[in-house]
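Residue strings, one per chain:
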Amino acid sequence: FFFAGLGRKEPEYPMLNSSPFLEMFGDVLIAHILLEQARVSLARLATIAPDAPDVTFYKNKVKTAKFFVSNILPRVQANATRIKAHDKSALEMEF
């Protein structure tokens with residue numbers, strides 16, 4: 001993946017990018033969970049009456065997943081791009 005082999009050549013570089021990597025992993029994991037909940041909610045909505053008390057709950061599960069995928073998940077691409085850029089300027093500072 002991104003850090004394959006870099007730890008041996010440049011042990012500091014993976015540490016420099018550990019936060020964006022973990023953020024990226026967390027965003028993908030949460031998206032997976034929310035999409036699974038939305039899938040279950042849509043299936044449930046198809047089987048209950050439109051005036052059932054749980055309709056709002058299930059609809060909001062779907063809306064939450066849509067919001068996350070549209071507004072939060074795009075950070076994954078930005079973080080991946082940042083990691084792949086191999087910018088080591090923070091490691092090159094002189095003190």
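Residues numbered from 1 in each chain as written. Predicted model: local features only at pLDDT ≥ 70, side-chain atom pairs only at ≥ 80, totals over all residues. Heavy atoms only, no water.

Peer 1: When you look at a nonpolar patch on the surface in this model, what are you seeing that I'm missing?
Peer 2: A contiguous nonpolar surface patch, about 360 Å² in accessible area, is contributed by Phe25, Leu29, Ile30 and Ile33. Following the sequence through the fold, Phe25 ends up in helix H3 (residues 18–45). (Patch = residues over 30% accessible without salt bridge, like charges linked within 9 Å, V, L, I, M, F, W, Y side chains within 5 Å. Areas by Shrake-Rupley, 256 points an atom, 1.4 Å probe, with all protein chains shown as cover. Salt bridge = Lys/Arg side-chain N within 4 Å of Asp/Glu carboxyl O. Helix = DSSP H or I, 4+ residues; strand = E, 2+ residues; numbered from the N terminus.)

Peer 1: What is the right way to read the pattern of salt bridges from this model?
Peer 2: Scanning all chains against the criterion turns up three salt bridges. Notably, a salt bridge pairs Arg75 with Glu23, separated by 3.8 Å at the nearest N-O pair. Here Glu23 lies in helix H3 and Arg75 lies in helix H5 (residues 74–84), a separation of 52 residues in the sequence. Judged by relative accessible area, Arg75 falls into the partly exposed class, the value being 36%. Overall, Glu23 belongs to the partly exposed group, its relative accessible area being 35%. (Buried < 20%, exposed > 50% of the residue type's maximum accessible area, 1.4 Å probe, protein only.)

Peer 1: Whenever I open this one, the environment of Leu34 confuses me. Can you help?
Peer 2: Secondary-structure assignment places Leu34 in helix H3. A sequence separation of 33 residues divides Leu34 from Phe67, and the C-alpha atoms of the two residues are 10 Å apart. In this structure, Leu34 is in contact with Thr64, Ala65 and Phe68, ignoring residues within four places of it in sequence. (Contact = heavy atoms within 4.5 Å.)

Peer 1: Sorry, what's going on with the packing of H3 against H5 here?
Peer 2: Across the interface, H3 lies against H5 with an axial gap of 9 Å and an inter-helix angle of 155 degrees. In this view, H3 runs roughly antiparallel relative to H5, as classed from their interaxial angle. Crossing of H3 against H5: the hand is left-handed. Every residue of H5 that contacts H3 at Pro20, Phe21, Glu23, Met24, Asp27 and Val28 is listed here: Arg75, Val76, Asn79, Ala80, Arg82 and Ile83. Of the residues belonging to the contact of H3 with H5, the class tally is seven nonpolar, one polar and four charged. (Axes fitted to C-alpha atoms, helices over the stretch in contact; angles between N-to-C directions. Parallel < 35°, antiparallel > 145°, perpendicular 65-115°, else oblique. Left-handed = near helix turned anticlockwise from the far one by under 90°. Nonpolar A, V, L, I, M, F, W, Y, C, P; charged D, E, K, R; others polar.)

Peer 1: Could you clarify how one ought to interpret H3 in this entry?
Peer 2: Since the α-helix packs 3.6 residues into each turn, any two residues three or four apart lie on the same face. Between the first and last C-alpha of H3 there are 40 Å, a value that for 28 residues agrees with the 40 Å anticipated at 1.5 Å per step. Considered for burial, the residues of H3 that qualify are Pro20, Met24, Asp27, Ala31, Leu34, Ala38 and Ser41. Against the buried residues of H3 lie helix H4 (55–72) and H5. (Expected span 1.5 Å × (residues − 1).)

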